[in-house]
Amino acid sequence: MKLRDSDLLFVSLFTDIVLLNLAIFFMAWLNINLNQLSGHEIGYYLLQGNIILIASYFIYTPQNIYLSNGFWSEFVQISKQAVIIVAISGIISFFVLSNEFSREFIFQYCILFYIQKLIYHGWRHRYMEEKIKKENGSIRTLIIGINDTSRHLRKVIDNNQIFAYKFIGYVNNEPVENESILGKTDDIANLIEAHRSQVVFATVSIFDDNNKSLELLDICNSKGVRLWFVLENQRWLKPHVNTESFGDLVLVNPQKIPLDDISARVQKRLFDIAFSSFVILFVFTWLFPLIALIIKLSSRGPVFFIQDRTGVNNKTFKCIKFRSMQVNAEAHERQTTYNDSRKTVIGHFLRRTNMDELPQFLNVFLGNMSVVGPRPHMLKHTIEYSKLIDYYLIRHFVKPGITGFAQVNGYRGETKEVVEMEKRVIYDRKYIEKWTLGWDIKIIWLTLFGKDVSRNAH
């Protein structure tokens, strides 16, 4: 699940605070230029405006503004909130604030905030529509079972673009007229592969056979697909079960990981942006031209080696590296070995020092990768090892990383035996299941100064 209702409340409030403060600063700048407002007064209006905004959430909480039936529904909710904000501002202005405060200025920034919010949500709708149209921009979704709950779930998916889910079809044992049935539940593994599904919703009764649920969970884990149980008997939910909300439906998460929470993802993403920005500004600016020149002088071919690799949710992305080998036809098929004749002189040094990975900070900044995470593998290896190693594809529940827990423990480079890849997967799964931001920082430190990280580096 990308966003829960509680997460959406956080997103909505955070967005509103940003838009409101932008509105106040812009109107303050405009009024200062018109000599109608002095600079020292801005702080009072910022405090007053943010208090009013937060208070409006207690009176009318638009927590489902992202879970609506189109832009018109959002427009109604935004307008209701704007009326409440203006009403609270008016009451405070006339009964609390002194005459030193400009009531006209308060009204101005409230109106600008309202306009900004409409523009933002209109842009978001258009952006999400385009994203879902793109093959790599949406999350392909199957629903197991046809009943009132599953039909309602499909409606929630179709009407709420914020989740970026794309309904592919139902999986059901019995034929039902006028329904998009792709096949039967016994064939779910093949259906996931055939339709490149990344999420499976299974509508079940709380009294259903537990063995079947475990079997389905096992299949989804082996395919690297997220599974959600949607219970028909929702009033019987137990408090200790990992539940999350999706519209007005309650889901059970049998694959709960720390990075399912938006607060954890925000922490990790902000850290990635800050860290990659630092590297780009203070390392790329002088080191990149130097390495690029040496690569061009030492061998013929491009400076960068760009390869399709498997990322989060089994999606493909373009992974960027400094070219460390001669241009060859086997680059996307064959692993690099210790004494690989394809490596250039500078390439051996780059790989030994991990400097060939530096361009991937661009991938991190763009959001395709994280600084820390399971290393992304070439597509050929993803296909091969997913057939040989149980739960190999679980690695793709999170973004791939430049470095990872397996790498700082010496599991990197050429994998001569399947057992070596199995060890990597064990470390990757442990990282995914126990992630913390502090652990990311420790892994980065071990990458730079650890004794095992250079083992098998070639």
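These remarks concern the structure in this document.

What counts, and at which threshold
- Residues numbered from 1 in each chain as written.
- Predicted model: local features only at pLDDT ≥ 70, side-chain atom pairs only at ≥ 80, totals over all residues.
- Heavy atoms only, no water.
- Helix = DSSP H or I, 4+ residues; strand = E, 2+ residues; numbered from the N terminus.
- Buried < 20%, exposed > 50% of the residue type's maximum accessible area, 1.4 Å probe, protein only.
- Areas by Shrake-Rupley, 256 points an atom, 1.4 Å probe, with all protein chains shown as cover.
- 1 Å grid on protein atoms, 1.4 Å probe; cavity = no way out; pocket = protein on both sides within 12 Å on 5 of 7 lines; lining within 4 Å.
- Points joined across faces, edges and corners; volume = space filled by probe spheres on them.
- Nonpolar A, V, L, I, M, F, W, Y, C, P; charged D, E, K, R; others polar.
- Patch = residues over 30% accessible without salt bridge, like charges linked within 9 Å, V, L, I, M, F, W, Y side chains within 5 Å.
- Salt bridge = Lys/Arg side-chain N within 4 Å of Asp/Glu carboxyl O.
- Lys, Arg positive; Asp, Glu negative; His and termini not counted.
- Charge placed at Lys NZ, Arg CZ, Asp CG, Glu CD.
- Expected span 1.5 Å × (residues − 1).
- Polar contact = N/O pair within 3.5 Å; in protein donor to acceptor, adjacent residues only side chain to side chain.
- Contact = heavy atoms within 4.5 Å.
- Pairing = 2+ DSSP bridges.

1. Looking at the overall build of the chain
Scanning the chain from N- to C-terminus turns up 14 helices and 11 strands. Taken over 458 residues, the chain has a buried fraction of 50%. When the accessible surface of the chain is summed, it comes to about 23,100 Å², and 60% of that surface belongs to carbon and sulfur atoms.

2. What about empty space enclosed by the protein?
This model, assessed by the stated rule, comprises 2 cavities of 30 Å³ or more. For the lining of the second largest cavity, the secondary-structure elements that each account for two or more residues are helix H2 (42–59) and helix H4 (103–133). Take the lining of the second largest cavity: its biggest share by element is 3 residues, from H2. By residue class, the composition of the lining of the second largest cavity is 6 nonpolar, 1 polar and no charged.

3. Description of a negative patch on the surface
Side chains of Asp186, Asp187, Glu215, Asp218, Asp390 and Glu422 sit close together on the surface and give a patch of like negative charge. Within the fold, glutamate 215 resides in helix H7 (residues 210–223).

4. Side note on H7
With 14 residues, H7 should reach 20 Å at 1.5 Å per residue; the first-to-last C-alpha distance of 20 Å fits that figure. Buried within H7 we find Ser213, Leu216, Leu217, Ile219, Cys220 and Asn221. Looking at the residues trailing H7, positive phi occurs at glycine 224, about 70°.

5. Overview of the pattern of salt bridges
Overall, the coordinates contain 13 salt bridges when judged by the stated rule. With a shortest N-O distance of 3.1 Å, arginine 375 and glutamate 357 are connected by a salt bridge. Here glutamate 357 lies in the loop between helix H9 (345–352) and helix H10 (360–366) and arginine 375 lies in the loop between strand S10 (370–372) and helix H11 (379–388), a separation of 18 residues in the sequence. According to the relative accessible area criterion, arginine 375 is buried, its value standing at 9%. The class of glutamate 357 is buried, set by a relative accessible area of 11%.

6. Quick word on the side chain of glutamine 255
For glutamine 255, the position within the fold is in the loop between strand S7 (249–252) and helix H8 (262–298). Of the polar contacts made by the side chain of glutamine 255, one reaches the side chain of asparagine 221; its length is 2.8 Å. Those residues in contact with glutamine 255 that sit more than four places away from it in its chain are Leu217, Cys220, Asn221, Val225, Arg226, Leu227, Asp260 and Phe397.

7. Points about the pairing of strand S5 (residues 226–231)
Summarising burial for S5: 6 of the 6 residues are buried, a large majority. Judged from the 6 bridges that link them, strand S4 (residues 199–204) and S5 form a sheet pairing that is parallel. Among the inter-strand pairings, phenylalanine 201 is bridged to a residue of S5, identified as tryptophan 228. Relative to S7, S5 is paired through 2 bridges, and the arrangement is antiparallel. Bridge assignment links phenylalanine 229 to a residue of S7, and that residue is valine 252.

8. A closer look at unusual backbone geometry
Backbone geometry at arginine 196 places phi at a positive 50°, although glycine is not the residue there. For arginine 196, the position within the fold is in the loop between helix H6 (188–194) and S4. Residue arginine 196 is classed as partly exposed on the basis of its relative accessible area, which comes to 47%. One non-glycine residue, asparagine 354, lies in the positive phi region at around 70°. Take asparagine 354: it is sitting in the loop between H9 and H10.

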